[in-house]
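Here is how the chains run, residue by residue.
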Amino acid sequence: MKKLFLYILGFTASYTSLHAQETVYPAPAQKGLVFLKNATIHVGNGQVINNGTIGFNNGKITAIGADVAIPADDVKVFDVNGQHIYPGLIAPESNLGLTEVESVRATNDFSEVGEINPSVRSIVSYNTDSKIIATLRTNGILLAQVVPQGGLLSGSSSVVQLDAWNWEDAAYKTDNGFHFYMPRLMPRGNPFGAPAAGPGNDAIKAAMAEIASVKAFFREAKAYSLAQKHDAVNLKYETVKGLFDRTQKLFIHCDLVKELVVATDIAKEFNFDVVIVGGTDAWLITDVLKQNNIPVILTQPHSLPVMQDDDVDQPYKTAAQLQKAGILFCISNEGFWQQRNLPFNAGTAGAYGLSKEEALSAITLNAAKILGIGDKTGSLEVGKDANIVVSTGDILDMKSSVITKAYIQGREVSLEDKHKQLYERYKYKYGLK
């Protein structure tokens with residue numbers, strides 16, 4: 001028995017050493033003036049500063065321009081000659097930190113049981129020790145919107161910064177909005193291609209009934225919010241009060257024109273601050289979206305169109321069409337590890353009608369505005385947080401972009417990740433280093 005115990009103990013110790021967390025720690029708060037000079041600075045609002053300098057202190061940008069004076073004493077200066085400086089990229093619509101291994105149920109904490117769950121908060125489940133997070137920082141993504149799933153009204157999302165000890169440290173904007181996953185308003189076919197038939201198989205009728213249940217909930221919640229006194233506290237109604245005074249947004253996940261029209265009707269009936277998530281067919285009703293001031297988070301731009309009659313490259317062109325129509329939009333890439341490709345998704349949009357700076361804004365300033373953090377980040381302007389990325393080349397191009405420095409609120413964060421460690425490990429194994 002003793003030998004068995006020692007064997008188990010030894011195996012556990014060796015397993016732990018092989019699978020230990022990387023010794024990468026969140027950076028301490030920034031102190032002291034820092035300057036990055038001689039770079040091409042992409043501000044994020046369309047402006048480009050050649051041979052520019054940016055300075056920051058205590059986590060805030062203090063100076064930016066082509067003729068910034070650098071003090072002689074008590075300052076750190078980094079010459080990044082020939083490199084490019086960008087705002088930290090923002091990944092909307094992600095379950096980053098809520099799941100680690102999709103096939104292992106114990107690591108998935110993004111979906112709740114039930115249809116109406118507005119009181120669920122994604123932020124308290126956010127895992128700052130996820131190994132996926134570092135792989136996003138490597139590609140310049142410094143902020144993410146952590147979104148719950150499951151049911152119709154799934155709860156509140158929050159924006160996190162990607163270098164923290166715990167979820168309290170990570171929280172950048174908590175409970176910025178609620179998420180309504182609209183059921184698909186499309187007839188359901190059977191496996192043999194014919195429309196589904198028989199009682200109970202009217203998919204559109206069932207979907208409209210579910211939408212009606214959500215509207216009924218909002219009507220009840222509105223009446224609750226208008227009441228001066230309550231005999232009993234209703235947690236669900238209390239939670240969504242911010243929708244009625246527009247301090248919180250309603251993110252409606254939908255794609256088809258019919259669904260977008262329903263989302264617009266909800267925005268008008270309740271005077272909600274609505275954001276469309278998905279928006280595959282948004283290019284077809286740009287006038288309606290523009291008239292109602294509804295922004296769009298385009299998800300999965302590297303995909304086939306929903307309808308067979310659409311151009312095969314329609315998902316690539318949609319961003320440029322929304323830009324031309326004057327609609328505020330940003331680009332996302334649903335999932336968690338998939339978010340590392342966010343800058344390259346924007347790069348594709350840049351090849352299909354957007355300018356390079358417009359494509360950059362779609363993953364920086366536009367995203368910040370839609371998520372309600374545009375006053376703090378999204379562009380490199382004096383007074384905003386020093387969320388900064390330095391790249392050897394075009395950050396939207398996977399061939400030339402190599403991130404050399406990244407700062408979150410002025411703190412220089414580690415660019416080490418599991419992918420790089422494995423790369424170095426096997427270079428050593430095969431004698432390549």
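These remarks concern the structure in this document. Model, not experiment: these values are computed from the prediction.

1. Observations concerning the overall build of the protein chain
Turning to step 1, where the next piece is worked out: When helices and strands are tallied, the protein chain shows 13 helices and 16 strands.
Turning to step 2, where the next piece is worked out: Taking 2.2 N^0.38 as the reference for a compact globule, 433 residues should give roughly 22 Å; the C-alpha atoms of the protein chain span a radius of gyration of 24 Å, in line with that estimate.
Turning to step 3, where the next piece is worked out: The principal-axis extent of the C-alpha atoms belonging to the protein chain is close to 75 × 70 × 55 Å.
Turning to step 4, where the next piece is worked out: If you sum the accessible surface of the protein chain, you get close to 21,000 Å²; carbon and sulfur atoms cover 53% of it.

2. As for the state of the cysteines
Turning to step 1, where the next piece is worked out: Following the criterion strictly, the structure yields zero disulfides and no others.
Turning to step 2, where the next piece is worked out: Take Cys254: it sits in no disulfide, and the sulfur closest to it among the cysteines is that of Cys330, at 14 Å.
Turning to step 3, where the next piece is worked out: What makes Cys254 buried here is its relative accessible area of 1%.

3. What about the packing of helix α4 (residues 203-226) against helix α7 (residues 257-270)?
Turning to step 1, where the next piece is worked out: Closest axis-to-axis distance for the α4/α7 pair is 12 Å, and the angle between their directions is 15°. When the axes of α4 and α7 are compared, the pair comes out roughly parallel. For the element pair α4 and α7, the recorded crossing hand is right-handed. Listed contacts from α7 to Ile204, Ile211, Lys215, Phe218, Arg219 and Lys222 of α4 are Lys258, Val262, Ile266, Glu269 and Phe270.
Turning to step 2, where the next piece is worked out: Among the residues making up the contact of α4 with α7, the classes are represented as six nonpolar, no polar and five charged.

4. Quick notes on helix α10 (residues 342-351)
Note: α-helices contain 3.6 residues per turn, so residues at a spacing of three or four share the same orientation.
Turning to step 1, where the next piece is worked out: Counted residue by residue, α10 has eight buried out of ten residues, so it is predominantly covered.
Turning to step 2, where the next piece is worked out: Residues of α10 that are buried: Leu342, Pro343, Phe344, Asn345, Ala346, Gly347, Thr348 and Ala349.
Turning to step 3, where the next piece is worked out: Lining the buried residues of α10 we find β6 (89-94), β7 (141-146), α9 (314-325), β13 (329-331) and α11 (356-361).
Turning to step 4, where the next piece is worked out: Looking at the residues trailing α10, positive phi occurs at Gly353, about 120°.

5. A word on the nonpolar core
Turning to step 1, where the next piece is worked out: Judged by nonpolar contacts, the single largest core of 77 residues is most densely connected at Phe180 and Leu250.
Turning to step 2, where the next piece is worked out: A per-element tally of this core places α4 first, with seven residues.
Turning to step 3, where the next piece is worked out: Ranked by size, the runner-up nonpolar core spans 16 residues in total, among them Ala39, Ile54, Val80 and Leu380.

6. Examining empty space enclosed by the protein
In this approach, a probe sized like a water molecule rolls over the atoms, and the result shows the empty space that is left.
Turning to step 1, where the next piece is worked out: The final tally for this structure, using the stated rule, is one cavity of 30 Å³ or more.
Turning to step 2, where the next piece is worked out: Size it by volume and the largest cavity reaches roughly 50 Å³.
Turning to step 3, where the next piece is worked out: As for the largest cavity, its lining consists of Leu298, Pro301, His302, Pro315, Tyr316, Ala319, Ile331, Asn345, Thr348 and Ala349.
Turning to step 4, where the next piece is worked out: Within the residue set of the lining of the largest cavity, elements represented by two or more residues are α9 and α10.
Turning to step 5, where the next piece is worked out: Residues that form the lining of the largest cavity fall into these classes: seven nonpolar, three polar and no charged.

Reading the values: the criteria
- Residues numbered from 1 in each chain as written.
- Predicted model: local features only at pLDDT ≥ 70, side-chain atom pairs only at ≥ 80, totals over all residues.
- Heavy atoms only, no water.
- Helix = DSSP H or I, 4+ residues; strand = E, 2+ residues; numbered from the N terminus.
- Rg over C-alpha atoms; globule rule 2.2 N^0.38 Å.
- Areas by Shrake-Rupley, 256 points an atom, 1.4 Å probe, with all protein chains shown as cover.
- Disulfide = S-S within 2.5 Å.
- Buried < 20%, exposed > 50% of the residue type's maximum accessible area, 1.4 Å probe, protein only.
- Axes fitted to C-alpha atoms, helices over the stretch in contact; angles between N-to-C directions.
- Parallel < 35°, antiparallel > 145°, perpendicular 65-115°, else oblique.
- Left-handed = near helix turned anticlockwise from the far one by under 90°.
- Contact = heavy atoms within 4.5 Å.
- Nonpolar A, V, L, I, M, F, W, Y, C, P; charged D, E, K, R; others polar.
- Core = buried A, V, L, I, M, F, W, Y, C linked by side-chain atoms within 4.5 Å.
- 1 Å grid on protein atoms, 1.4 Å probe; cavity = no way out; pocket = protein on both sides within 12 Å on 5 of 7 lines; lining within 4 Å.
- Points joined across faces, edges and corners; volume = space filled by probe spheres on them.

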